[in-house]
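Given next are the chains, with one letter for each unit.
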Number of protein chains: 2
Amino acid sequence: MPYPTPRCAMCLIGPTAANPQNEASHPSVTAFIRERESTVVPESSNQQASRLSVVSEAKMASEPTRIMLAVNESTIKGYPHASISSRKAFEWTLQKIVRSNTSGFKLQFLHVQVPDEDGFDDMDSVYASPEDFKNMKDRDRARGLHLLEFFVDRCNAIGVACEAWIKRGDAKEVICREVKRVRPDFLVVGCRGLGPFQRVFVGTVSEFCVKHAECPVITIKRSAEETPQDPVDD
Amino acid sequence: MPYPTPRCAMCLIGPTAANPQNEASHPSVTAFIRERESTVVPESSNQQASRLSVVSEAKMASEPTRIMLAVNESTIKGYPHASISSRKAFEWTLQKIVRSNTSGFKLQFLHVQVPDEDGFDDMDSVYASPEDFKNMKDRDRARGLHLLEFFVDRCNAIGVACEAWIKRGDAKEVICREVKRVRPDFLVVGCRGLGPFQRVFVGTVSEFCVKHAECPVITIKRSAEETPQDPVDD
């Protein structure tokens, strides 16, 4: 199997609002990926200064702005490539919001996996054993981690703090539930920018989040030149 | 009359996408307010550095992120106070997006005035002369400038570049038209956070902008403690 498997189930719980920074007592996917890749990112002087200022200044002013990004895989390129919309939303956030102020923001990547009924590619589903189910879940989880790695590596490279975690379920409902739990300052979601007719058939995660997420939401559309031949693809 | 009147009609045209920085050939409301208040804001070393980097670096990377904020007056406190939602959206933008990176952003305040059919408070509308109409328009414009002054002064105080202008018409349509013309990186709109029942009766500028503005839009709701007794008030 080409993808890593996480060593503990806790890795997939993600951050909490009450204790968002607690990586020591609760290893996050980020920490896991960092360790696996042996990419030890030294704390920049900016980050050190920011950490010190947490103690000295008022809590509200010095805490980084926490931006949750909902990311998903591409429907045309297959795992583990990030979708065009996710990459667009991510790059937009770095370019237009974070800019050079890398210590002022913390990105929180949430990847929601939809439980796949047709996931038994290489086995007869009639005879699927509990072991088969477990293998499928492990494989999904490994693929999800690999997907998140794309975003985490990029953040590490430019020195922006980040967290990443995976949840399973209906994307739009899970995103809103995670917003409620983690309480980011705002949520960024990519979208395909489809017209009302095409939208009906492909679901509208971004629209649901704008209406129901308990935090400000910003929707980033793909640009025209990034849109594949069939705009439903992503 | 306690409010200033602008000296030229050009003051109300606002910035353009093609020439967003051109304050010299086209005096903006901001420049006007600055001059009137005699508040000469010295360019910080950050801003100087940023300006120099425009020349040396790629244009995309060094240009400040242009955030358009649609601001309106309070419905309960009367002119020239900014509405609770507008102030909330503004403070949120400073606190969560701009943070300490004051040279990385430019705020663009758009105030849309709804032509008021009942604006002849102190005259008999049956006998309103062309002069009366002109006076009313001048008064509205002066009040609008005074409203914008609140935001511009705050930006000047913390050293964030800004522009401000006034348009007349239906707020949601004018905002979308101005987005198309000025091409900000994103739009921030405040909203009252009303339920679907209350929303029907008070209009939904923010919802319309999320759907129709040709740029990413972020909607900032008032917090519970900022909501007046009747949530329709703002």
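Residues numbered from 1 in each chain as written. Chains lettered and ligands numbered in written order. Predicted model: local features only at pLDDT ≥ 70, side-chain atom pairs only at ≥ 80, totals over all residues. Heavy atoms only, no water.

*Asks:* Got a sec to walk through helix 6 (residues 171-182) of chain A? Specific residues and values, please.
*Replies:* One full turn of an α-helix is made of 3.6 residues, so residues set three or four places apart face in the same direction. All names here are of chain A. Along its twelve residues, helix 6 runs 16 Å from first to last C-alpha, staying within 8% of the 16 Å computed at 1.5 Å per residue. Those residues of helix 6 not exposed but buried are Ala171, Val174, Ile175, Cys176, Glu178, Val179 and Val182. Of the surrounding elements, those touching the buried residues of helix 6 are strand 1 (65-71), strand 2 (105-113), strand 3 (161-168), strand 4 (186-191) and helix 8 (205-212). Two residues or fewer past helix 6, Arg183 is found with a positive phi of approximately 55°. (Helix = DSSP H or I, 4+ residues; strand = E, 2+ residues; numbered from the N terminus. Expected span 1.5 Å × (residues − 1). Buried < 20%, exposed > 50% of the residue type's maximum accessible area, 1.4 Å probe, protein only. Contact = heavy atoms within 4.5 Å.)

*Asks:* How would you sum up the packing of aromatic side chains? Please name residues and give values.
*Replies:* Residues and elements named next belong to chain A. Tallying each qualifying case throughout the model produces ten aromatic pairs over all chains. On the basis of an interplanar angle of 85° and a centroid distance of 4.9 Å, the ring pair of Phe150 and Phe151 is categorised as edge-to-face. The class for Phe150 is partly exposed, based on a relative accessible area of 36%. For Phe151, a relative accessible area of 0% corresponds to the buried category. Connected via pairs of aromatic rings, a cluster forms that spans Phe90, Phe109, Phe150 and Phe151. (Phe/Tyr/Trp six-rings, centres within 6.5 Å; stacked < 30°, edge-to-face > 60°.)

*Asks:* Can you lay out the interface of chain B and chain A for me, pointing to particular residues and giving the numbers?
*Replies:* Each partner contributes to the interface: chain B provides 24 residues, whereas chain A provides 24 residues. A combined buried area of about 1,800 Å² lies between chain B and chain A, and 49% of that area is made up of carbon and sulfur atoms. Together, Lys96, Arg99 and Pro216 of chain B form the three largest contributors to the area buried by chain B at its contact with chain A, with a combined 29%. For the salt bridge of Lys96 of chain B with Asp185 of chain A, the shortest nitrogen-to-oxygen distance reads 2.9 Å. Summed over the shared surface of chain B and chain A, the number is ten residue pairs in polar contact (both at pLDDT 80 or more). Of all the elements in the fold, those that place two or more residues in the side of chain B that touches chain A are helix 3 (59-62), helix 4 (84-98) and strand 5 (217-221) of chain B. Top contributing element to the side of chain B that touches chain A by residue count: helix 4 of chain B, with five residues. Of the residues belonging to the side of chain B that touches chain A, the class tally is 13 nonpolar, seven polar and four charged. (Buried area = accessible area lost by both parts, 1.4 Å probe. Salt bridge = Lys/Arg side-chain N within 4 Å of Asp/Glu carboxyl O. Polar contact = N/O pair within 3.5 Å; in protein donor to acceptor, adjacent residues only side chain to side chain. Nonpolar A, V, L, I, M, F, W, Y, C, P; charged D, E, K, R; others polar.)

*Asks:* How would you sum up the nonpolar core? Please name residues and give values.
*Replies:* Considering soluble globular proteins, one finds that nonpolar side chains tend to be buried as a cluster. Within the largest apolar cluster, 54 residues are counted, with the highest numbers of intra-cluster contacts made by Leu107, Phe109 and Phe186 of chain A together with Leu107, Phe109 and Phe186 of chain B. Discounting chain neighbours no more than four positions away, the residues touching Phe186 of chain A are Thr65, Arg66, Ile67, Met68, Ile97, Cys215, Pro216 and Ile218 of chain A together with Trp92, Ile97 and Ile218 of chain B. (Core = buried A, V, L, I, M, F, W, Y, C linked by side-chain atoms within 4.5 Å.)

*Asks:* I'd like a rundown of the packing of helix 6 of chain A against helix 8 of chain A, residues and numbers included.
*Replies:* Residue and element names in this part refer to chain A. Following both chains from N to C, one finds helix 6 and helix 8 inclined at 30°, their axes separated by 9 Å at the closest point. Considering the relative orientation of helix 6 and helix 8, their crossing is right-handed. In contact with Ala171, Lys172, Glu173, Ile175 and Cys176 of helix 6, helix 8 contributes Val205, Phe208, Cys209 and His212. (Axes fitted to C-alpha atoms, helices over the stretch in contact; angles between N-to-C directions. Left-handed = near helix turned anticlockwise from the far one by under 90°.)

*Asks:* Tell me about the environment of Thr102 of chain B, and name the residues and values.
*Replies:* All names here are of chain B. When you line up the elements, Thr102 lands in the loop between helix 4 and strand 2 (105-113). Along the backbone, Thr102 and Gly159 are 57 residues apart, and their C-alpha atoms lie at a distance of 6.3 Å. Contacts of Thr102, omitting those with residues within four sequence positions, involve Ile158, Gly159 and Val160.

*Asks:* Describe the relation of the copies chain B and chain A, listing the residues and the values that go with them.
*Replies:* Of the transformation placing chain B onto chain A, the axial shift is 0.0 Å and the rotation is 180°, giving an RMSD of 0.0 Å. The transformation just described matches what one would write down for a two-fold rotation axis. Within chain B, the C-alpha atom positioned nearest to the axis of rotation is that of Ile218 of chain B, 2.5 Å from it. Comparing interface residues between copies, 100% of those in chain B also lie at the interface in chain A; the contact surface is shared. (Least-squares fit on C-alpha atoms with pLDDT ≥ 70 in both.)

*Asks:* Please give an account of helix 4 of chain B that cites residues and values.
*Replies:* Residues and elements named next belong to chain B. Between its first and last C-alpha, helix 4 extends 20 Å over 15 residues, near the 21 Å set by a 1.5 Å rise per residue. Within helix 4, eleven of the 15 residues are buried, leaving the element largely enclosed by the surrounding structure. Note on helix 4: the residue one or two positions beyond its end, Arg99, has a positive phi of about 50°.

*Asks:* Give me unusual backbone geometry: which residues, what numbers.
*Replies:* Unusually for a residue other than glycine, Arg183 of chain A sits at a positive phi of about 55°. With respect to the helices, strands and loops of the structure, Arg183 of chain A is situated in the loop between helix 6 and strand 4.

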